[in-house]
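What follows is the residue order along each chain.
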Amino acid sequence: SAVISQKPSRDICQRGTSLTIQCQVDSQVTMMFWYRQQPGQSLTLIATANQGSEATYESGFVIDKFPISRPNLTFSTLTVSNLSPEDSSIYLCSVVVGPWQGRNEQFFGPGTRLTVL
Amino acid sequence: KNQVEQSPQSLIILEGKNCTLQCNYTVSPFSNLRWYKQDTGRGPVSLTIMTFSENTKSNGRYTATLDADTKQSSLHITASQLSDSASYICVVSSSGTYKYIFGTGTRLKVLA
């Protein structure tokens with residue numbers, strides 16, 4: 001398994017500012033992802049955090065708005081820039097480990113609840 | 001288009017009762033299907049994972065079924081407890097990719 005911690009657990013930010021979220025994993029993992037979960041919605045993949053290279057962003061998400069760092073195999077940060085109320089969401093870090101018995105397993109961090117005023 | 005649809009959107013049951021949540025998917029090629037439980041304010045936690053060849057998987061009071069022919073899955077909760085109140089998310093992955101397609105979830109509330 002993989003144990004994931006995120007900081008901060010929650011924050012309230014002013015419009016126009018930025019928030020950086022940290023994700024720490026208790027073991028080295030290759031595949032690390034950032035998700036957004038808007039109120040009442042399911043999870044949407046923002047990007048894959050690649051160690052030592054630029055993140056791979058999904059359609060609708062851009063690096064200027066969601067810069068990601070991945071300095072090593074256990075740590076990543078997601079910054080949400082130029083905040084607006086529409087950015088109010090839960091942001092989740094996730095890793096995929098394995099394969100164990102022929103399959104991969106996905107684990108999630110506890111999430112960071114962001115409220116933008 | 002790869003999609004995962006869940007029903008019902010929300011469900012309220014009395015403690016001790018059973019319930020069944022549904023998941024229909026159109027993901028192809030199919031690799032595996034997972035059910036997650038997400039408590040309010042927490043990240044999702046895996047309950048079960050099933051591949052193409054598995055049609056049932058249990059985890060305590062949770063039993064998941066998979067019909068790969070009709071592309072349907074269900075999660076049955078037996079003798080519900082107050083702690084079962086959460087969102088249950090069906091997630092399907094496609095072969096050859098680490099991309100996972102998430103359903104919108106079923107929000108379950110168990111009342112005393």
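Note that the structure is predicted; figures quoted are calculated from it, not measured.

### Digging into the confidence of the model for chain A
For chain A, per-residue confidence averages 92 on the pLDDT scale, and residues scoring 70 or more make up 97% of the total. Looking at the elements of chain A, mean pLDDT is at its lowest for strand β10 (residues 103-108) of chain A, recorded as 83, and at its highest for strand β3 (residues 19-25) of chain A, recorded as 97.

### Digging into the pairing of strand β1 (residues 4-7) of chain A
Residues and elements named next belong to chain A. Residues Ile-4 and Gln-6 line the buried face of β1, whereas the alternating positions Ser-5 and Lys-7 sit on a face that is not buried. Relative to β3, β1 is paired through four bridges, and the arrangement is antiparallel. Residue Ile-4 lies in a different strand from β3, and its bridge partner there is Val-25.

### So, the sheet that holds strand β8 (residues 72-77) of chain B
Residue and element names in this part refer to chain B. Strand order in the open sheet made by the five strands is β1-β3-β8-β7-β6, with antiparallel pairing throughout. Here the strands that pair on one side only, and so sit at the sheet edges, are β1 (4-7) and β6 (56-59). Going across the sheet, the axis of each strand differs from the next one's by a mean of 15 degrees, ignoring polarity. Bridge count between β6 and strand β7 (residues 62-67): four bridges; the pairing is antiparallel. The partner of Asn-59 across the bridge, within β7, is Tyr-62.

### So, the side chain of Thr112(A)
All names here are of chain A. Relative to the assigned elements, Thr-112 resides in strand β11 (residues 112-116). Take Thr-112: its relative accessible area is 0%, and that puts it in the buried class. Side chain to side chain, Thr-112 and Gln-6 meet in a polar contact 3.2 Å long. A polar contact is formed between the side chain of Thr-112 and the backbone oxygen of Pro-8, at a distance of 2.6 Å. The contacts of Thr-112, once residues within four sequence positions are left out, are Gln-6, Lys-7, Pro-8, Ser-9, Arg-10, Leu-19, Ile-21, Ser-89, Ile-90 and Tyr-91.

### Side note on the state of the cysteines
Residue and element names in this part refer to chain A. On inspection of all chains with the given rule, the structure shows two disulfides over all chains. Across the disulfide from Cys-23 sits Cys-93; the S-S distance is 1.9 Å. Taking the torsion about the S-S bond as the criterion, the Cys-23 to Cys-93 disulfide, at about -65 degrees, is left-handed. You can see Cys-23 sitting in strand β3 and its partner Cys-93 sitting in strand β9 (residues 89-100), a full 70 residues away along the chain. On the accessibility criterion, Cys-23 (0% relative accessible area) is buried. By relative accessible area, which is 0% here, Cys-93 ends up buried. Unpaired in this structure, Cys-13 has its nearest cysteine sulfur neighbour in Cys-23, at a distance of 18 Å. For Cys-13, a relative accessible area of 7% gives the class buried.

Reading guide: rules and limits
Residues numbered from 1 in each chain as written. Chains lettered and ligands numbered in written order. Predicted model: local features only at pLDDT ≥ 70, side-chain atom pairs only at ≥ 80, totals over all residues. Heavy atoms only, no water. pLDDT = per-residue confidence, 0-100. Helix = DSSP H or I, 4+ residues; strand = E, 2+ residues; numbered from the N terminus. Buried < 20%, exposed > 50% of the residue type's maximum accessible area, 1.4 Å probe, protein only. Pairing = 2+ DSSP bridges. Axes fitted to C-alpha atoms, helices over the stretch in contact; angles between N-to-C directions. Polar contact = N/O pair within 3.5 Å; in protein donor to acceptor, adjacent residues only side chain to side chain. Contact = heavy atoms within 4.5 Å. Disulfide = S-S within 2.5 Å.

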